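Chains, contacts and geometry: an overview
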Amino acid sequence: MLLWTLVVGGSLWWNWKATEAHSLEVASKQARQIGAMMEAMRLWNASHGGVYVWQNERMQPNPYLAHPERDLMLDDGRQLTMINPAFMTRGLIDIVREKAAVRVHLTSLDPINPGNQANLWETDMLKSLEQEVGDSAAEAEVGENWLNGPSERVELIRGPSPELRYMRALRVETACLQCHQHQGYSVGDLRGGLSVTLPAAPMFTLENQQKLNLATFHGLAWLLLSFGSIGVLSRLRHQIRSLQDINAQQDKLVELRTRELSAEVAERQQAEARLRLLIDSSAEGILATNADGGCTLCNPVAARLLGYAVSCLVGKHLRDLIAHSNAEGEPRDVRECPITRAYRLGEEGGETEAVFWRADGRSLSVEYRVHPIRTRNGVAGAVINFRDITERKRIQDEVWRRAHYDALTGLPNRILFRERLEQQLLQTRRRKEALAICFIDLDGFKQVNDTLGHDAGDVLLRQAGQRMLECLRASDTVARLGGDEFALILPGSHSLAELELVMGRIVESLAQTFVCNGHDVRIAGSIGVAIRRSEVTGIDELLRRADLAMYLAKRAGGNAWRLYEQDKDLVEG
């Protein structure tokens, strides 16, 4: 009851004040329109420098107008007199008072015409407006019935004879100076005001009727709400009793179910703790993703291997973070990534040799398997198990290097030489280019080895291999086949002149003095060259021809090279 009384009472008070404000606004608007009309007429007259009218009994010259051409005589003897804005305004005021029962008064604190002398109310309003002009920051406080604008004042008088009083400020315009400049006014100064008084009795009659309607409506609303609330409260009281009984039964069920759930939660927590212990104790890195590829789980081994804190991995998109590129740094096709296919398509997969990218930007060689997480609703994510195979790859690379490179010179051995020769033959066949194969035997090496020892011989072999490398291009191959035998692969279209130039550099380089363990040593090179121009020539045949050409160079005294001539099936220099 108290609530509805406050609500309805508040609504009545607000609407009551709104009705009074509306009445005041309507009356003020009418007064403003009258004031605006008067000022517009005044400004029109002033902008035209005054208006001439015929003199007659009702229109006599304005005795307060000081103007040299106030009165004019026409040639036909008729007389004109000038009407200034104030005089015209007073004439219009008389017509308004007669026709509309509205009192309008043109007034000033310093009037030229005594009839414009302000009354007490008008004097207070003009002083208020004048003070506002002098101090624009001041705000005039004139009571709750005032509507104070920058150039107007409004007051509603309630009582036996209610009325609305309105004062509009009149400021000096440029056109006004011709009549008022001698009084010391400047443009923008407050010259006076236009006072409008409207009878407010009709407005109050309508306002009182509206207030009566508001009171009646709110009274009925209060009665309906009060009686409705009583019925609702009675119904609620019955329902509350029923709910209390139901709640008591539910509390018992909740207490029983809570004990059961507590036991289930404790059991689940123990299971999760055991599972987490197993995951954290695993020697492999374990990661899990959701259906969007975001990381949901990371064990300590995975965080350590990848160089991330666990908190930095969880929530991040794993493929974009650790499996975005291959070992060469080239972006991987997301459609071919086993991790993506697992959590998107539910496919199991993995790679025996791959790379994950660490937090510091380095690659980590890994072997991993990825398994989708399946639920009743489909694939919910994936689990990734991976291990670091860096050491395994290092060992594999070392084994491969030992199997394919000469341990003494670091040059490719016979096995790698043959593999590269097979690759170069395929490439030159596609490009339809020639390929040159060279066998080189070091003349005089055995004598160095026998006289200076194997250590000096090893130094000589390393230096000889380096000199050959310096005479060739980066795309050429220098291999040590064993002992003092070397072989070259020279891919590309070699003319005979180019071949002579390259072979000459090698022969000349090998003939230069070597320094082996403090001893000056001189040797020579015998080189046999075979060129493959036909696709039917096999590798073994090509090697046989180069070997024949090399032995021909040795029989010729060494320190020379010979080219196998295919058409003649013999070797010529």
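Here the structure is a predicted model, which means the values were calculated and not measured.

The next subject is the packing of helix 13 (residues 454–471) against helix 14 (residues 496–511). The geometry of helix 13 relative to helix 14 is characterised by a closest axis approach of 9 Å and an angle of 150 degrees between their N-to-C directions. Considered as vectors, helix 13 and helix 14 are oriented roughly antiparallel to each other. Considering only the axes of helix 13 and helix 14, their crossing is right-handed. Seen from helix 13, the contacting residues are A464, R467, M468 and C471; seen from helix 14, they are V502, R505, I506, S509 and L510. Taken together, the residues of the contact of helix 13 with helix 14 break down into 6 nonpolar, 1 polar and 2 charged.

Attention now moves to the state of the cysteines. Tallying each qualifying case throughout the model produces 0 disulfides. With no disulfide of its own, C471 lies closest to C438 among cysteine sulfurs, the gap being 12 Å. Since its relative accessible area comes to 12%, C471 is described here as buried. With no disulfide of its own, C516 has C471 as its nearest cysteine by sulfur position, at a separation of 17 Å.

Counting 35 residues, the largest nonpolar core has I440, L442, L488, M503, I506, I527 and V529 as its most contacted members. Every element with two or more residues in this core is listed here: strand 13 (435–443), helix 12 (445–452), helix 13, strand 15 (485–491), helix 14, strand 16 (514–516), strand 18 (524–532) and strand 19 (560–565). The element contributing the most residues to this core is helix 13, with 7 residues. If sequence neighbours within four positions are ignored, M503 has contacts with C438, L488, L490, I527, V529 and W561. One finds L287, L306, Y368 and F386 within the second-largest nonpolar core, a separate group that totals 26 residues.

Moving on, we come to the UniProt feature "domain: PAC" (unreviewed entry) in the protein chain. Per the UniProt record, "domain: PAC" (unreviewed entry) is found at residues 350–401. A distance of 27 Å separates the end C-alpha atoms of residues 350–401, which is 23% helix and 62% strand.

Despite not being glycine, K432 has its phi angle at roughly 55 degrees, a positive value. By the secondary structure assignment, K432 is in the loop between helix 11 (414–431) and strand 13. Assessed through its relative accessible area of 76%, K432 is described here as exposed. Backbone geometry places N517, a non-glycine residue, at a positive phi of 55 degrees. Structurally, N517 can be placed in the loop between strand 16 and strand 17 (519–521).

On to the sheet that holds strand 2 (residues 71–73). As summarised here, the arrangement of the 3 strands in space is 1-3-2, forming an open sheet in which the pairing is antiparallel. Each edge of the open sheet is held by one strand with a lone partner, namely strand 1 (51–54) and strand 2. If you compare each strand with its neighbour and ignore which way they point, the axes differ by 30 degrees on average. Both strand 1 and strand 3 (residues 79–83) contribute to a ladder of 4 bridges, which runs antiparallel. Of the residues in strand 3, the one forming a bridge with Y52 is M82.

Definitions and limits used
- Residues numbered from 1 in each chain as written.
- Predicted model: local features only at pLDDT ≥ 70, side-chain atom pairs only at ≥ 80, totals over all residues.
- Heavy atoms only, no water.
- Axes fitted to C-alpha atoms, helices over the stretch in contact; angles between N-to-C directions.
- Helix = DSSP H or I, 4+ residues; strand = E, 2+ residues; numbered from the N terminus.
- Parallel < 35°, antiparallel > 145°, perpendicular 65-115°, else oblique.
- Left-handed = near helix turned anticlockwise from the far one by under 90°.
- Contact = heavy atoms within 4.5 Å.
- Nonpolar A, V, L, I, M, F, W, Y, C, P; charged D, E, K, R; others polar.
- Disulfide = S-S within 2.5 Å.
- Buried < 20%, exposed > 50% of the residue type's maximum accessible area, 1.4 Å probe, protein only.
- Core = buried A, V, L, I, M, F, W, Y, C linked by side-chain atoms within 4.5 Å.
- UniProt positions renumbered as here; feature names shortened; annotations may be inferred.
- Pairing = 2+ DSSP bridges.

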